[in-house]
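# Examination of the molecular architecture
Residues per chain, in single letters:
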Amino acid sequence: MGQETVIELKDVTTSFFSRKQELTVVDRVSFSVEKGETVAIVGESGSGKSMTSLSIMQLVPAPNGKITNGEIIFNGEDLLKKSKKDMHKVRGNDISMIFQEPMSSLNPVYTIGEQLREQLMYHQPLSKREAHEKGIEMLEIVGFARAREMMREYPHRLSGGMRQRVMIAMALSNNPKLLIADEPTTALDVTVQAQILDLMRGLSKDYDSSIILITHDLGVVAELAQRVVVMYGGQVVEEAKIDEIFDKPLHPYTEGLLNSMPKLNDEQTRLQSIPGSVPTPDNFPKGCRFVTRCPYAMQVCTEEQPTLLEKETGHKVRCFLHEEGVGKDGNIDRRSKQTQ
Amino acid sequence: MTTYIIRRLLITIPLLIAISIITFALMQFAPGSPAVLDVDPNVPPEAREAQIEAMGLNEPLPVQYARWISGVVTGDFGNSYITKRPVSDMLLERLPNTLILMTAATILAIIIAIPIGIISAVRQYTKTDYAITLVSFAGVAVPNFWIGLMLIMFLSVQFGWFPVGGVQTLNADFNIMDRIHHLFLPALVLATADTAQLTRYTRTSMLEVKNQDYIRTARAKGFKESKVILKHGLRNALLPLITLIAIMLPTLIGGSVVVESVFSWPGLGDLFMTSVNQRDYPVIMIITMLTAVLVVIGNLIADILYAIVDPRIEY
Amino acid sequence: MVKKTQWLFLVMIFTMGMLLAACGGSDEGAETGADEGTEPDTEETDGEDVEDIDDENGDSAATGEPVEGGEIIVGSDAEPNGLTPATVSDTASRDAHDLVHAALYRQTVEGFDVEPDVAVDLPEVSEDGLEQVIELRDDVFFSDGEQLTADDVVFTVGIYLMEDYAGTSTTLFERVENVEATDEYEVTFTMSEPDAALTASLEQAPIVPEHILGDLETYAEIEEHEASTTDAVIGAGPYVMTDWTVGQYINYEARDDYHNEGPYIQNITWRIGDTDAQLAMLQAGEIDIMNAAPQDVVTVESIDGYNLAEEPQFGYNYIGYNQRNELFESANVRRALTMAINREAIIDGIMDGHGTVAEFPHSPEGPIYSDEIESIPFDQEGALELLAEEGWEQNDSGQLVNGDGDVFAFSLLTNSEALVRTDWIVAVQQMLGEIGIEVETETMEFGAYLDRINPPNWDFDAIAGAWSLSLDPNMESLFHSRNIESGQNNIAYESEEFDELSTDNRAILDVDERMETLQQAAMQVAEDQVYTFMYYPTEFQAYRDNIQNHSYNSRAGLFRVQEWWIEE
Ligand SMILES: Nc1ncnc2c1ncn2[C@@H]1O[C@H](COP(=O)(O)OP(=O)(O)OP(=O)(O)O)[C@@H](O)[C@H]1O
Ligand code: SF4
Ligand SMILES: [Mg+2]
């Protein structure tokens, strides 16, 4: 791993504009994905994971959402500099995406076959016949036994898990270099989740494809990803290899996330969730965005923003605890936070 | 499917019976007696009695109703009080004109409203959108007859581009172009209110669809915006409009009363107007019933169509 | 697309502007009109009388010799309700009858007298007046080629006498006991009582073919026969109906074997459309002739190539006072009410001047009009004096009250279709308000209105109405006390003088003597101010200026059209 970078985000910033204000929901996000690698983006709801992935696709909801800064280098080219027309060739072809909501992501009025074929034919010079056969093949790959019949079905006849598999089949149909999976299993029940995850694990192995896996479920991360990007309040707060994240998380938020994760070998331990909730973009604290909930918060955290620093090779963190000159036993001021 | 349609038709029957009773009752309670009985107070009481008896107006209401409705069911609509001709003849010579006008108006409304509604939705909150919204509100608010008179004033009288009225050039042989030439203005006027309304609904429906997840999926597939909107958006947006077009039917029928008078279009609306003025009850009642039946059929067709185009609906 | 939208928008703004302009400009004209055809027609009088041609208004003095040929397109807002005259009496039907049928007598062009048409001469009346013999011309043919004979006349009159007759002209032949063909071309009427109005009645009873309808046994069958309801009609008139496409047009073709002068114009087409549509057609040059509503006169005058003929209607508008109500018992009170209403102002303000004040229960151009009729001035002071004599005085707050302190208050009712009347009853309300009388105005749909005012309800204080007058100036049906309970004397006017004068006027066979009697009776009605006679409305007909020898009177749509011709 690590020989070839498939995509690299540099300081990508995305905001929503309303008459009153500009809300930055993706704030100078940088990370990269290597060939064959699965990178997980984790973080609680509202932390900007979906917006980050939609920024890559340039599908941030128009007209209010705009990417205001940064570069997205893909295949050596900056996607943000590409024309609209060229982006049509990238989406669904070089980069595919599957979404959080399998129930509503398929068009109810077209058959599965139609929805598969149209994507194939849009990007490849295939006849309808060929596209049909290819579609069947894709359905078989994602595990449909009666793929041929499935082509004729309408989405409403399928369960959530089946639909998500169709979405995956569609996303993979043009052999994308990068697959973005935005919480592919969140809406599904547990057994189905496992099947989908198995499927994805298999695919990434078999096809050596790169995946950006978005989730707030660290269990999923542990199963699939090689690297983890932790987001909070639109920012990357920590980035590390999978084992480092689990073994020695640096950021208090990551620590909190891990504590809230049920552990299989320790059933008695109460699930510990992080107190408080993610601040909304119009309500971000002036200093560290986690300061309202951080057990180690210091005076400085309320005033200044920490920067994302590479603490060890391949392990980045955004926290004053890990910046030079700020001690861990500095100005802890928990009580005042709680009464806020 | 067939059973579904049959079931729907069966549900329709009590509805129609109810409508027929209401229609009949309304006519009974309408002020004044039939015009012919009013006109001349000099008619000797005996003659008047005889006439009332001949018309069966002295029998108990349920009997009168039963006789009327059994006639209606068997296609015997009775004779007009005024012209003495069979009501069915009077309807038949006018029904085609009205159907042509309404069909043309519906088609016009659809082909004008849907593209405009889509543009309005796609360009939400732009000047185009505001202009369309304004015009369509005006279209709903401005009365048909006024628009009709204005168009006649300018396009027909001033510029001579269109005939003032009628279905075809007087005493000319049948000519399809001539027919269309005569049809255009009345159909356009009849279509205005519905066009405006349909534009509004298309816009709303499209806006709703635009935010659906499958639209995002279509975009993620790389499709051009036009394909996203026209293939994945439109069909979903149009589904609810099918019902709407059926609901438009009563407005069309109502509108045709005015439009047909303004454009001297010899249809049912025109006949209805004349009959109301002359209190020609047999004609009024049948047209009312016919309207009700049309509306019911319209709804039925809409439901069936809906079931056909929306794969989610099972019978 | 943006362009298109903007264009639409501009059009919208433009037309909005037009609307405002139109509203601003027409506040006078728009108020008049549209009472025609909605007013109760006295039955025996289902028409108005002939008027002299009004040369000033462009009625063509014929230039040169008549020319045969050409066609005219006539705007009509209604279609005939039936084509057998006995069965119907609406305006459109009568106009159609004038074209396709001929009667024993017809109106003269000069006046409102009758002259022989199918008859050779006026009837020969027996000494006692109980027998009238009419000789027929032997050169009259129906449009299907059959000759018109005495049998047809007998059959035609017979329809009115049928047991189940339910048409609208019941009184026309009520005095006919028997009608008989005494020769192939001679008809003898045996009367129960003498009838001076027989010729006028026959004028309204065009002859229908016995050979077509004669086998029918009942009136109902005649009514429904295709010759009564479709273009299968057969008559002896100047034109034959060739095609009636319901709702669209009716075509007539000139007959070459018509028994009187003409017809010169070869084809006549009636084009059906409401008055607004007709006006637009006139502007677009699509029709040659139409009856114009008073509010459209200005528009019509501005159109090139058309003339406008103008005639007073043979009828009047009135306020009728229900004399069952003790408020209106006294003739003085009714006279005072008339004095308090400024009729000139109503004609000028509401009707654009298209009318003349009425003082008399018949038309100034009719045979019984008297120049001696006193005109009642607008004089509210005088009205108050008269009312004071009757015990009505204004109190401190200006209300008119009697000794018991009751306020003079009543409701004034009219039918909502009569737009002009619905306007002027408000003016009347205001004018009477000025002398302390409280008037409440009420309008309702025609059917409901008739229900209220006709026997046996008579549920009204005062009504605003209109009468069209008959050719025969007999007004018994309106004012004779025997018509209170079941006839048209719904205001319950009771006058021994009037009853005595009019009771047997139909039996007075000397025309002059009869007219004098009727005049006296009319004077009595005026004297008693049975009604407040409001005005005689003016009527208009626009016609293309190439039509020669055009004549107009409000009693017919195309008066004597067979004698018109088109200048080449
Ligand atoms: N259309 C929008 N307009 C304004 N703000 C938006 C819009 N869509 C999302 N946001 C805001 O952007 C922020 C990031 O949202 P995003 O959907 O990326 O969160 P997420 O991390 O994917 O959360 P989840 O786990 O719930 O999917 C949120 O605060 C959200 O309120
Ligand atoms: S910067 Fe301060 S508040 Fe933010 S995570 Fe580190 S310790 Fe906590
Ligand atoms: Mg999300």
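Cut-off values and rules
- Residues numbered from 1 in each chain as written.
- Chains lettered and ligands numbered in written order.
- Predicted model: local features only at pLDDT ≥ 70, side-chain atom pairs only at ≥ 80, totals over all residues.
- Heavy atoms only, no water.
- Helix = DSSP H or I, 4+ residues; strand = E, 2+ residues; numbered from the N terminus.
- Rg over C-alpha atoms; globule rule 2.2 N^0.38 Å.
- Buried < 20%, exposed > 50% of the residue type's maximum accessible area, 1.4 Å probe, protein only.
- Contact = heavy atoms within 4.5 Å.
- Areas by Shrake-Rupley, 256 points an atom, 1.4 Å probe, with all protein chains shown as cover.
- Lys, Arg positive; Asp, Glu negative; His and termini not counted.
- Charge placed at Lys NZ, Arg CZ, Asp CG, Glu CD.
- Pairing = 2+ DSSP bridges.
- Phe/Tyr/Trp six-rings, centres within 6.5 Å; stacked < 30°, edge-to-face > 60°.
- Lys NZ or Arg CZ within 6 Å of the ring centre and 35° of its normal.
- Near = heavy atom within 4 Å.
- Polar contact = N/O pair within 3.5 Å; in protein donor to acceptor, adjacent residues only side chain to side chain.
- Nonpolar A, V, L, I, M, F, W, Y, C, P; charged D, E, K, R; others polar.
- Salt bridge = Lys/Arg side-chain N within 4 Å of Asp/Glu carboxyl O.
- Patch = residues over 30% accessible without salt bridge, like charges linked within 9 Å, V, L, I, M, F, W, Y side chains within 5 Å.
- Expected span 1.5 Å × (residues − 1).
- Buried area = accessible area lost by both parts, 1.4 Å probe.
- UniProt positions renumbered as here; feature names shortened; annotations may be inferred.
- Core = buried A, V, L, I, M, F, W, Y, C linked by side-chain atoms within 4.5 Å.
- Axes fitted to C-alpha atoms, helices over the stretch in contact; angles between N-to-C directions.
- Parallel < 35°, antiparallel > 145°, perpendicular 65-115°, else oblique.
- Left-handed = near helix turned anticlockwise from the far one by under 90°.

This next bit is on the overall build of chain A. From N to C terminus, chain A includes 13 helices and twelve strands. Its C-alpha radius of gyration of 21 Å places chain A within 12% of the 20 Å reference for a compact globule of 340 residues. Of all 340 residues assigned to chain A, the portion counted as buried reaches 53%. At a minimum sequence separation of 6, the contacts of chain A that also span at least 24 residues come to 64%. Summing over all exposed atoms, chain A offers an accessible surface of approximately 16000 Å²; the carbon and sulfur share of this is 48%. Taking the average location of the 41 positive side-chain charges in chain A and that of its 47 negative ones, the two points are 5 Å from each other.

Here we take up the overall build of chain C. Along its length, chain C carries 17 helices and 22 strands. Burial statistics for chain C: of 568 residues in total, 59% are counted as buried. A sequence separation of at least 24 residues applies to 71% of the contacts in chain C between residues at least 6 apart.

All right, on to the pairing of strand β20 (residues 531–544) of chain C then. Residues and elements named next belong to chain C. A large share of β20 lies buried, amounting to 13 of its 14 residues. For strand β12 (residues 306–312) and β20, the ladder comprises seven bridges, and the chain directions are antiparallel. Looking at the pairing, Leu-308 lines up with Ala-542 of β20. Where strand β13 (residues 315–321) meets β20, four bridges bridge the pair, whose relative direction is antiparallel. If you follow Tyr-318 over to β20, its bridge partner there is Phe-533.

Residue and element names in this part refer to chain B. Residue placement: Asp-270 occurs in helix α12 (residues 268–278). A relative accessible area of 14% means that Asp-270 is categorised as buried. Excluding anything up to four places from it in sequence, Asp-270 contacts Arg-94, Glu-260, Ser-261 and Trp-265.

Turning to the sheet that holds strand β5 (residues 77–78) of chain A, a few remarks are in order. Residues and elements named next belong to chain A. Ordered in space as β2-β1-β4-β5, the four strands form an open sheet in which the pairing is antiparallel. Each edge of the open sheet carries a strand with a single partner, namely β2 (22–34) and β5. Here nine bridges tie strand β1 (residues 5–17) to β2, and the two strands are oriented antiparallel to one another. When the bridges of β2 are listed, Thr-14 appears paired with Val-26.

With the rule as written, the count across this model stands at 29 aromatic pairs over all chains. A centroid spacing of 5.4 Å and a plane angle of 70° characterise the contact between Tyr-316 of chain C and Phe-533 of chain C, whose relative ring orientation is edge-to-face. With a gap of 217 residues between them, Tyr-316 of chain C in strand β13 and Phe-533 of chain C in strand β20 connect regions that are remote in the sequence. In this structure Phe-533 of chain C comes out as buried when scored by relative accessible area, which is 1%. Between Phe-328 of chain C and Phe-408 of chain C, the ring centres sit 6.4 Å apart and the planes meet at 65°, which makes this aromatic pair edge-to-face. Here Phe-328 of chain C, found in the loop between β13 and α10 (331–340), pairs with Phe-408 of chain C, found in the loop between β16 (400–401) and β17 (409–415); they are 80 residues apart in sequence, far enough to count as distant. Judged by its relative accessible area of 0%, Phe-328 of chain C is buried. In this structure an aromatic cluster arises from ring pairing among Tyr-316, Tyr-318, Trp-467, Phe-479, Tyr-493, Phe-498, Tyr-531 and Phe-533 of chain C. Looking at Arg-200 of chain B, its charged tip hangs above the ring of Phe-137 of chain B, at a distance of 4.7 Å from the centre. One Lys or Arg, Lys-231 of chain B, reaches over the ring of Tyr-110 of chain A and ends 5.2 Å from the middle of that ring.

Residues and elements named next belong to chain A. Inspection of the region around ligand 1 gives 14 residues, with Ser-45, Gly-46, Ser-50, Met-51 and Glu-183 positioned closest. Between Gln-100 and ligand 1, the recorded distance is 3.5 Å, taken from a side-chain N or O atom to an oxygen atom. Here ligand 1 loses 68% of its free accessible area of 630 Å² to cover by the protein chains. Looking at side-chain class alone, the shell around ligand 1 contains four nonpolar, seven polar and three charged residues.

What follows concerns the pattern of salt bridges. Under the counting rule described, the total for this entry stands at 44 salt bridges over all chains. Here Glu-239 of chain A makes a salt bridge to Lys-316 of chain A, at a shortest N to O gap of 3.9 Å. Remark: Lys-316 of chain A occurs in strand β12 (residues 315–318) and Glu-239 of chain A occurs in strand β10 (residues 235–241); sequence separation between them is 77 residues. We note a salt bridge from Glu-476 of chain C to Arg-482 of chain C, for which the minimum N-O separation is 2.4 Å. Using a relative accessible area of 6% as the deciding quantity, one classes Glu-476 of chain C as buried. Shared partners join several salt bridges into a network, and the residues in it are Glu-114, Arg-117 and Glu-118 of chain A together with Lys-221 and Lys-231 of chain B.

The next subject is a nonpolar patch on the surface. Together, Met-1, Ile-297, Ile-301, Leu-305 and Ile-308 of chain B make up an exposed nonpolar region whose accessible area comes to about 420 Å². Within the fold, Ile-308 of chain B resides in helix α13 (residues 281–309).

Around ligand 2, the neighbouring residues are His-251, Pro-252, Cys-288, Phe-290, Val-291, Cys-294, Tyr-296, Cys-301, Pro-306, Cys-319, Phe-320 and Leu-321 of chain A. When grouped by side-chain class, the residues that make up the shell around ligand 2 number eleven nonpolar, one polar and no charged.

Here helix α11 (residues 225–262) of chain B is 38 residues long, yet its end C-alpha atoms lie only 44 Å apart, well below the 56 Å a rise of 1.5 Å per residue gives. Two residues or fewer after α11 of chain B comes Ser-264 of chain B, characterised by a positive phi angle close to 50°.

The interface of chain A with chain B comprises 26 residues on the first partner and 20 residues on the second. Overall, the association of chain A and chain B removes approximately 2200 Å² of surface from exposure, summing both partners, and the carbon and sulfur fraction of that is 55%. Area buried by chain A at its contact with chain B is led by Val-109, Glu-118 and Tyr-122 of chain A, which between them contribute 25% of it. Counting across the chain A and chain B interface gives four salt bridges. Looking at the side of chain A that touches chain B, the elements that each hand over two or more residues are α1 (49–57), α3 (102–105), α4 (112–123) and α7 (160–172) of chain A. Residue composition of the side of chain A that touches chain B, by class: twelve nonpolar, nine polar and five charged.

All names here are of chain C. There is a patch of like negative charges on the surface, built from Asp-121, Glu-124, Glu-135, Asp-138, Asp-151, Asp-183, Glu-184, Glu-210, Asp-215, Glu-217, Glu-221 and Glu-224. Looking at the secondary structure, you find Glu-184 in the loop between β6 (176–183) and β7 (186–191). Glu-184 gets classed as partly exposed once you look at its relative accessible area, which sits at 46%.

Attention shifts here to the UniProt feature "domain: ABC transporter" (unreviewed entry) in chain A. Within this numbering scheme, the UniProt entry marks residues 7–258 of chain A as carrying the feature "domain: ABC transporter" (unreviewed entry). Across residues 7–258 of chain A, the secondary structure splits into 40% helix and 27% strand, with the terminal C-alpha atoms separated by 27 Å.

All names here are of chain C. Backbone geometry places Asn-549, a non-glycine residue, at a positive phi of 60°. Along the chain, Asn-549 falls in the loop between β21 (547–548) and β22 (565–566). With a phi angle near 55°, Arg-560 is a residue other than glycine that sits in the positive phi range. Structurally, Arg-560 can be placed in the loop between β21 and β22.

Bringing the nonpolar core into the picture now. Core analysis: the largest hydrophobic core is formed by 66 residues, its most contacted members being Ile-7, Ile-95, Leu-139, Ile-168, Leu-178, Ile-180 and Ile-212 of chain A. No other element matches α7 of chain A, which puts seven residues into this core. Those residues in contact with Ile-168 of chain A, other than ones at most four positions away along the chain, are Ile-98, Val-142, Ile-196, Leu-199, Met-200 and Leu-203 of chain A. Grouped together as the second largest cluster of nonpolar side chains are 53 residues, Val-142, Phe-162 and Val-164 of chain B together with Val-297 of chain C included.

As a further point, take helix α7 (residues 127–141) of chain B. For α7 of chain B, with 15 residues, the first-to-last C-alpha span of 21 Å sits near the 21 Å given by 1.5 Å per residue. Taken together, the buried positions of α7 of chain B are Thr-128, Asp-129, Ala-131, Ile-132, Thr-133, Val-135, Ser-136, Ala-138 and Gly-139 of chain B.

What follows deals with the sheet that holds strand β5 (residues 131–135) of chain C. The pairing of strands in a sheet happens through backbone hydrogen bonds and is either parallel or antiparallel. Residues and elements named next belong to chain C. Judged by pairing direction, the sheet is antiparallel, and its four strands sit side by side in the order β4-β5-β7-β6 without closing on themselves. A strand with exactly one partner marks an edge of an open sheet, and here the two such strands are β4 (124–125) and β6. Along the sheet, helix α3 (residues 150–161) makes contact with β6 and β7, crossing β6 at roughly 170°.

With that settled, the discussion passes to the packing of α10 of chain C against helix α12 (residues 380–389) of chain C. All names here are of chain C. Orientation of α10 relative to α12, taken along the N-to-C sense of each, is 165°, at an axis distance of 8 Å. Regarding the angle of α10 to α12, the classification is roughly antiparallel. Here α10 runs over α12; the crossing is left-handed. From α10, Asn-332, Val-333, Arg-335, Ala-336, Met-339 and Ala-340 reach across to α12, where they touch Gln-380, Gly-382, Ala-383, Leu-386, Leu-387 and Glu-389. Of the residues assigned to the contact of α10 with α12, the class counts are seven nonpolar, three polar and two charged.

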